[in-house]
Amino acid sequence: DCDTQNFQCAGGWMYEAYEYTQEHGIMLRGQYSHTYNPHPLKCAQTEEFHFKNTDQGEHDGMTNYEIREMVTQQPIGAAIYSTGMLQSYRKGIITEDYLHCSKENYEVNHGVVIVGFGSHTNEKVKGHCNDYWIIRNSWGGRWGEEGFFKLCADDPFTDKLPYGTCHINQYGTWPI
């Protein structure tokens, strides 16, 4: 059984990534080998790296203020509840009214990275939204806005959004 307060259980793959980069580091794009062996699912390794973390941090139930403060220093890993509707995203700001992804009993099922934030000006909004997170997804540059999307940041910790839109405020992680 999973302890729902523990991000390790909800998205252990994020911690696996931090453990990997703690051991192997992260190389710049041009440093990666272009060879891949699907059996045993490994890329060729070198001893070169651009960044190597020493640990990882986690903060559950982050307020928008805390996320904004942290994301001005570095990207923040987050787990969300993703519905099939997210796959059809092309541009604009996604809201709870569009995705229906924020019920308290939903379990997170997708890892993303919060890289910035903004306020609605003239962007297309699927519902109502004032502020949003800029999020990098893992579905490639042909998806969304060149691999990114905007997720409404309004009113977390309310009855409608107990953990923010799609649970974005529920689990925050980052490499140290």
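Per chain, the residues get numbers from 1 upward, laid out in the order the sequence is written. A pLDDT threshold of at least 70 governs which residues receive local features in this predicted model, and a stricter bar of 80 or more applies before side-chain atom pairs are shown or counted, although totals over entire chains, interfaces and linings include all residues. As a rule here, side-chain values come from all non-hydrogen atoms in the structure, and water together with hydrogens is ignored.

Of regular secondary structure, the protein chain possesses three helices and 10 strands. The helix count covers DSSP runs of H or I at least four residues long, the strand count covers runs of E at least two residues long, and both are numbered beginning at the N terminus. For the protein chain, the α and β elements follow one another from N to C terminus as α-β-β-β-α-β-β-α-β-β-β-β-β. The proportion of buried residues among the 176 residues of the protein chain is 40%. Taking as baseline every contact in the protein chain between residues at least 6 positions apart, the subset at least 24 positions apart corresponds to 69%. Any residue under 20% of the maximum accessible area for its type is buried, any over 50% is exposed, and the rest in between are partly exposed; the area is computed with a 1.4 Å probe on protein chains only. Contacts: residue pairs with any heavy atoms within 4.5 Å of one another.

Within the span of helix 2 (residues 64-71), buried status applies to Asn-64, Ile-67 and Val-71. For helix 2, the angular spread of buried residues about the axis comes to 60 degrees, placing them on one side. Those residues of helix 2 that are buried are in contact with strand 4 (76-80), strand 6 (110-119) and strand 8 (131-136). Read the arc as the range of directions from the helix axis to the C-beta atoms.

DSSP bridges decide pairing: two strands pair if at least two such bridges lie between them. Spatial ordering of the open sheet is given by 3-10-4-6-8-9-5-7, a layout of eight strands whose pairing is mixed. Taken across any chain shown, the strands that pair with only one partner, and hence form the sheet edges, are strand 3 (56-60) and strand 7 (125-126). Pairing analysis gives five bridges linking strand 8 to strand 9 (residues 148-152), with the strands arranged antiparallel. Bridged to Arg-136 within strand 9 is Phe-148. To get an axis, a line is fitted to the C-alpha atoms, and for a helix only the part in contact is used. The angle between two axes follows their N-to-C directions and goes from 0 to 180 degrees. Along the sheet, helix 2 contacts strand 3, strand 4, strand 6, strand 8 and strand 10 (171-175); its crossing angle with strand 6, the most-contacted strand, is approximately 90 degrees.

The subject of this paragraph is unusual backbone geometry. For Glu-146, which is not glycine, the phi torsion reads 55 degrees and is therefore positive. Looking at the secondary structure, you find Glu-146 in the loop between strand 8 and strand 9. With a phi close to 60 degrees, Cys-166 is a non-glycine residue in the positive phi region. When you line up the elements, Cys-166 lands in the loop between strand 9 and strand 10. For Cys-166, a relative accessible area of 1% puts it in the buried group.

On to the state of the cysteines. Any two cysteine sulfur atoms within 2.5 Å of one another count as a disulfide. Under the counting rule described, the total for this entry stands at two disulfides. Across a sulfur-sulfur distance of 1.9 Å, Cys-101 and Cys-166 are joined as a disulfide pair. Across the S-S bond of Cys-101 and Cys-166 the torsion is about -80 degrees, and the bridge reads as left-handed. With Cys-101 in the loop between helix 3 (96-99) and strand 6 and Cys-166 in the loop between strand 9 and strand 10, the pair connects residues that are 65 residues apart, well separated along the chain. The residues Cys-101 and Cys-166 share a single accessibility class, namely buried. A sulfur-sulfur separation of 2.4 Å characterises the disulfide bridge that pairs Cys-129 with Cys-152. Here the S-S torsion is close to 105 degrees, and the disulfide linking Cys-129 with Cys-152 is therefore right-handed. Placement of the pair is Cys-129 in the loop between strand 7 and strand 8 and Cys-152 in strand 9, with a sequence separation of 23 residues. Among the residues examined, Cys-129 registers a relative accessible area of 3% and is labelled buried.

Turning to the confidence of the model for the protein chain, a few remarks are in order. On average, the protein chain scores 84 in pLDDT, and the residues at 70 or more come to 84%. Per-residue pLDDT stays below 50 along residues 1-10; that stretch engages in 20 contacts with residues further than four places along the chain or on separate chains. The predictor attaches a confidence to each residue, called pLDDT, with possible values from 0 through 100.

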